Amino acid sequence: MTAVHLPGTPVIEGDHLISTSPATGAEAGRLPLATADDIAQAVERARAAGQWWAGLGFDARRDRLLRWRRLLAQRMEQLAELVHTEGGKPVADAIVEIVSAVEHVDWAARNARRVLGPRKVRSRLVLAEFSAHLEYQPHGVIGVIGPWNYPVFTPIGSAAYAMAAGNAVVFKPSEYTPLVGQWLVDTFAEVVPEQPVFTAVHGLGDIGAALCRSGVDKVAFTGSTATAKKVMAACAESLTPVLLEAGGKDAMIVDADADLDAAAEACVWGAMTNAGQTCIGIERVYVVEPVFDAFVAKVVERAGRLTVGADGADVGPITMPSQLDVIRRHISDALARGGRAALGGADSVRPPYAHPTVLVDVPEDSDAVREETFGPTVTINRVRDADEALSRANALPYGLGGSVFGQRRAVAIARRLRSGMASINSTLTFAGMSTLPFGGVGESGFGRIHGEDGLREFGRAKSITRRRARSLLPSTTFERTPADVDRLVKAVKLLYGRKL
């Protein structure tokens, strides 16, 4: 009997990985399936390439990365069509994703020297006879394991920063979007043909596990919390450092003085862009009682206008077919527990699509509130005030991003969100801000991509001291005398022992 594959499900046929459209099930393309030996060879080649790449220096790497940026910008329509075909994402959403990725390549290339290059560091009293400087040296080879929901933006947030820092990258794209990953690698090779600085290996989860154990110098992973734990366990076997961007269940808080029209517009975008398949998507909203009904009405009106379909629609298909069962279960559980569907409901899941759904007054212990849904659904619950909203928002183990709408107390509320990032009077904007670090806390992972912190993730801090004079307060030598120690004690008491 021939196996039946749901549209979008990756297929292994012989020694090839076949990618299919989640909308139609048609083959989008096929790529060679990697083996353990292939991965070992890829890492070995990358190690040699990385030494060459690091030897080019910041300026030469900058020029090459900017040429890649130019190529990405020039061919963005072609890439957007591929993202649409392979992952189902609407072309307009794919364009927005690519624009953000291009911005990150540009920033990483232009700022790597400033952030990572050698710089003088001031010495202190006890070692005043020494000068010091700090620099960040590349790790060598970075293994990047990418997701399917943002197959351009997310891996570039690691790969471009890693390469700007002087590393080579071996990239394992998601098995749901391998063609997009290979496209990125191939275009980079056009501008850097000399060495395999950026390469890809393809396959299912076992290939990602093999990459973790391959001897790479660091792994950057984006995906679910459950898989992040497996990646960390595999890397722990060899003490390979990891950067993990895992799941999220981001909350929006709407205070009494919020602009409700702006909040509703941002809520619908934050919850339902990319069919809700966004790690930093808004999945929970807490609205203070006086403006609750008006806010819900505005969200329902906007979400109800969204179109769903394969081409030209606002909301495309669910990329990973198994996620449809999760979305259906969350909606059913919310309704069974007393929640109400203000839009959509039990029949919203119609494979391969999930239609926009707005659930209100959903119990906090329901699956729809506590688990990552990854679909175009959102729960909206009423609260007495911002303090109750914060208590509920911070109750989950996730802590990726979040959003606050309001005026007088908005900044204070955002600071109290247990999250790595927050937007005030907007949603998701911190992701596109190349100057800001991106990452979470708790079960949303640790480490940062983007910004200065993102560059430093891919460099090892190297501290260097150099003697420049004779020691006035000899301490780190067996040649010191009792008089030297006495002077040291007096100096420290004089400088640090006085009352403030």
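Above: the structure in question.
To continue, consider the overall build of the protein. Looking only at helices and strands, one finds 16 helices and 21 strands in the protein. On C-alpha atoms alone, the protein measures out to a radius of gyration of 26 Å, which is about the 23 Å that the 2.2 N^0.38 rule sets for 500 residues. Taking the principal axes of its C-alpha atoms as reference, the protein extends roughly 85 × 60 × 40 Å. Across the 500 residues that make up the protein, the buried fraction comes to 56%. Restricting to contacts in the protein with at least 6 residues of sequence separation, those with at least 24 account for 70%. Of note, the protein has its 56 positive side-chain charges centred 12 Å away from the centre of its 56 negative side-chain charges.

Another point: the sheet that holds strand β1 (residues 11-13). Taken in spatial order, the three strands of this open sheet run β1-β2-β3, and their pairing is antiparallel. Each of the sheet's edge strands pairs with one partner strand only, and the pair in question is β1 and β3 (27-32). If you compare each strand with its neighbour and ignore which way they point, the axes differ by 30° on average. Sheet analysis places strand β2 (residues 16-20) next to β3, joined by five bridges and oriented antiparallel. Opposite Ser 19, over in β3, you have Gly 29 as the bridge partner. Packed onto the sheet, helix α5 (residues 178-191) meets β2 and β3 and runs at close to 60° relative to β3.

This part takes up unusual backbone geometry. Here the residue pair Pro 351 and Pro 352 is connected by a cis peptide bond, since its omega of 5° sits within 30 degrees of zero. Position of Pro 352 among the secondary structure elements: in the loop between β14 (349-350) and β15 (353-354). In this structure, Leu 239 takes a positive phi of about 55° despite not being glycine. Take Leu 239: it is sitting in the loop between α7 (225-236) and β10 (242-245). When its relative accessible area of 75% is taken as the criterion, Leu 239 is described as exposed. If you check the backbone angles, Asn 425 has positive phi at about 55° while not being a glycine. For Asn 425, the position within the fold is in the loop between β19 (423-424) and α14 (429-432).

The next thing to look at is the pattern of salt bridges. A full pass over the atoms with the stated rule returns 36 salt bridges. Measuring nitrogen to oxygen at the nearest pair gives 3.3 Å for the salt bridge that ties Arg 382 to Asp 361. Residue Arg 382 is found in strand β17 (residues 377-383), and its partner Asp 361 is found in the loop between β16 (357-360) and α11 (367-370); the two are separated by 21 residues along the sequence. Arg 382 sits in the partly exposed class, given a relative accessible area of 26%. One network of salt bridges, in which partners are shared, links Arg 114, Glu 452, Asp 453 and Arg 456.

With that out of the way, let us pick up helix α3 (residues 91-116). Over its 26 residues, α3 runs 36 Å from end to end, which matches the ideal 38 Å to within 8%, given 1.5 Å per residue. Maximum bend of α3: about 40°, positioned at Arg 110.

Of all hydrophobic cores here, the largest spans 65 residues; its most connected members are Trp 68, Met 163 and Phe 198. At 11 residues, α3 tops the list of elements feeding residues into this core. Counting 45 residues, the second largest nonpolar core, distinct from the first, contains Met 272, Ile 282, Phe 295 and Leu 359.

About the criteria used
Residues numbered from 1 in each chain as written. Predicted model: local features only at pLDDT ≥ 70, side-chain atom pairs only at ≥ 80, totals over all residues. Heavy atoms only, no water. Helix = DSSP H or I, 4+ residues; strand = E, 2+ residues; numbered from the N terminus. Rg over C-alpha atoms; globule rule 2.2 N^0.38 Å. Buried < 20%, exposed > 50% of the residue type's maximum accessible area, 1.4 Å probe, protein only. Contact = heavy atoms within 4.5 Å. Lys, Arg positive; Asp, Glu negative; His and termini not counted. Charge placed at Lys NZ, Arg CZ, Asp CG, Glu CD. Pairing = 2+ DSSP bridges. Axes fitted to C-alpha atoms, helices over the stretch in contact; angles between N-to-C directions. Salt bridge = Lys/Arg side-chain N within 4 Å of Asp/Glu carboxyl O. Expected span 1.5 Å × (residues − 1). Bend = angle between axes of the 7 residues up to and from the residue. Core = buried A, V, L, I, M, F, W, Y, C linked by side-chain atoms within 4.5 Å.

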